[in-house]
Amino acid sequence: MSAGTLDDLTLVTGNPNKLEEARRITGVEIEGVEIDLPEIQSLHLEEVLRAKADEAWRRVGRPVVVEETGLELVAMNGFPGPLVKWMLDAIGPEGIARTAIALGDPRAIARCQLLVRDGERTLFAEGSTEGILVLPARGDAGFGWDPVFQPDGHDLTYAELGREIKDRIGHRGRAWSALLVDLPSLL
């Protein structure tokens, strides 16, 4: 890989919250660039991620990291997965929780995949956290579905846990931690 350190990677995201979390989790002021990447419509995180990484590499021309996150509702056999962004836009986090609860199973899996691409090689990392969706929404921290996602083993939602705990047990934190373990082998 042509990148020398994590500092040499550029996180391509239009979500400032994701960039902030990545910086906190890694302890590195990762450069972020906002590019509106096309998102193919697929229920497979890796397929969406690869398409985003190809386009990010083409546009940025230097080592990039892209992220794809999904929320898999057990009651819906994993749907919406990576399409959760559109479901959030349509019905919001409480609507997603109401859907799962109305279907009789509030369990969900929050999943994050990262892909590092430098034009020659790629490196995948994944993190996931199981939990339940709760109503009413609770907490003021976080973003997306954080106020309705209560990770297993906790009585608080992501939005109530605080950054330190969420970063440690959350799907994004687990993905970045896995990436940091494997990244030195490519640098």
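Note that this is a predicted model, so its numbers are computed, not measured.

The rules behind each value
Residues numbered from 1 in each chain as written. Predicted model: local features only at pLDDT ≥ 70, side-chain atom pairs only at ≥ 80, totals over all residues. Heavy atoms only, no water. Helix = DSSP H or I, 4+ residues; strand = E, 2+ residues; numbered from the N terminus. Rg over C-alpha atoms; globule rule 2.2 N^0.38 Å. Contact = heavy atoms within 4.5 Å. Areas by Shrake-Rupley, 256 points an atom, 1.4 Å probe, with all protein chains shown as cover. Lys, Arg positive; Asp, Glu negative; His and termini not counted. Charge placed at Lys NZ, Arg CZ, Asp CG, Glu CD. Pairing = 2+ DSSP bridges. Buried < 20%, exposed > 50% of the residue type's maximum accessible area, 1.4 Å probe, protein only. 1 Å grid on protein atoms, 1.4 Å probe; cavity = no way out; pocket = protein on both sides within 12 Å on 5 of 7 lines; lining within 4 Å. Points joined across faces, edges and corners; volume = space filled by probe spheres on them. Nonpolar A, V, L, I, M, F, W, Y, C, P; charged D, E, K, R; others polar.

### Some remarks on the overall build of the protein chain
Across its full length, the protein chain holds six helices and seven strands. Its C-alpha atoms give the protein chain a radius of gyration of 16 Å, within 12% of the compact-globule value 16 Å for 187 residues. With respect to the three principal axes, the spread of C-alpha positions in the protein chain is 50 × 35 × 25 Å. Considering only contacts in the protein chain between residues 6 or more positions apart, those separated by 24 or more positions represent 55%. Carbon and sulfur atoms form 49% of the exposed surface of the protein chain, whose accessible area is close to 8,700 Å². Computing the positive centroid from 20 side-chain charges and the negative centroid from 31, the protein chain places the two 1 Å apart.

### Quick notes on the pairing of strand 6 (residues 122–133)
As defined by bridge partners, strand 5 (residues 107–117) adjoins strand 6 across 11 bridges and the pair is classed as antiparallel. Bridging across to strand 6, A108 finds its partner in G131. Connecting strand 5 to the antiparallel partner strand 6 that follows it, the hairpin turn spans four residues, and G119 within it adopts a positive phi of roughly 95°. Inspection of the sheet shows strand 6 paired to strand 7 (residues 149–151) by three bridges, in the antiparallel sense. Counterpart to I132 in the pairing with strand 7 is Q150.

### Comments concerning the environment of E67
Within the element layout of this structure, E67 appears in strand 3 (residues 64–73). The exposure class of E67 is buried, given its relative accessible area of 5%. It is 7.0 Å that separates the C-alpha atoms of E67 and C112, two residues lying 45 residues apart in sequence.

### Thoughts on the layout of surface pockets
The gaps left among the atoms become clear once a water-sized probe is rolled over them. Of the volumes computed, that of the largest pocket is approximately 620 Å³. Breaking the lining of the largest pocket down by element, the ones donating at least two residues are strand 3, helix 3 (84–102) and helix 6 (171–182). Residues of the lining of the largest pocket, tallied by class, amount to eight nonpolar, six polar and 12 charged. For the second largest pocket, the calculated volume is near 150 Å³. If you go around the second largest pocket, the residues you meet are N17, E20, E21, R24, A141, G142, F143, Y158, G162, R163 and K166. At four residues, helix 1 (residues 16–26) tops the list of elements feeding residues into the lining of the second largest pocket. For the lining of the second largest pocket, the per-class residue count stands at three nonpolar, three polar and five charged.

### Describing empty space enclosed by the protein
Applying the stated criterion across every chain yields a total of one cavity of 30 Å³ or more. Empty space within the largest cavity amounts to approximately 40 Å³. Lining the largest cavity we find E21, I25, K166, D167, G170, H171, R172 and G173. Here the element with the most residues in the lining of the largest cavity is helix 6; it accounts for three residues. Class assignment of the residues belonging to the lining of the largest cavity gives a composition of one nonpolar, three polar and four charged.

### Details of the side chain of E21
Note on placement: E21 falls in helix 1. Of the residues examined, E21 reaches a relative accessible area of 4% and is grouped as buried. Not counting residues up to four positions away in its chain, the partners in contact with E21 are F143, K166, D167 and R172.

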